Amino acid sequence: MPTNEKEINCYLFDQLTILDDLQEVAEKENAKETLILIEKKRRQIERKLYQKPPLVQE
């Protein structure tokens, strides 16, 4: 389990990287519904990543 904000952010950036890879394939396949879901998940992750106050307080 992540113990600090930096570690949590690393997990969130990893998730964004996965979404980037999935988006690349979905665009090649013209998978519109998949692209919509990828954008939804990206917004959810970014909301966690850039929230104020931070996820954890030290």
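Here the structure is shown first, and the text comes after it.
Within each chain, residue numbers correspond to sequence positions counted from 1 in written order. Restriction of local features to residues with pLDDT of at least 70 applies here, the model being predicted, together with a cutoff of 80 or more for giving and counting side-chain atom pairs; totals for whole chains, interfaces and linings are based on all residues. Water and hydrogen atoms play no part in the side-chain values, which are based on all heavy atoms of the structure.

Enquirer: What's the story with the pattern of salt bridges in this structure? I'm lost.
Expert: If charged atoms from side chains of opposite charge come close, those side chains can pair. A pairing counts as a salt bridge when a side-chain nitrogen of Lys or Arg comes within 4 Å of a carboxyl oxygen of Asp or Glu. By the definition in use, this model includes three salt bridges. Between Lys-28 and Glu-24 there is a salt bridge, with the nearest N and O atoms lying 3.8 Å from each other. Residue Lys-28 and its partner Glu-24 are both found in helix α1 (residues 5-28); the two are separated by four residues, about one turn of the helix. The closest approach of N and O atoms between Glu-39 and Arg-42, which form a salt bridge, is 3.5 Å. Of this pair, Glu-39 and Arg-42 are both found in helix α2 (residues 32-49), three residues apart, which corresponds to roughly one turn of the helix. For the exposure calls, accessible area comes from a 1.4 Å probe over protein chains only, and a residue counts as buried if that area is under 20% of its type's maximum, exposed if over 50%, partly exposed in between. Arg-42 gets classed as buried once you look at its relative accessible area, which sits at 12%. When salt bridges with common partners are traced through the structure, they connect Asp-20, Glu-39 and Arg-42 into a single cluster. Helix and strand assignments come from DSSP, with helices taken as H or I runs of at least 4 residues and strands as E runs of at least 2, each series counted from the N terminus.

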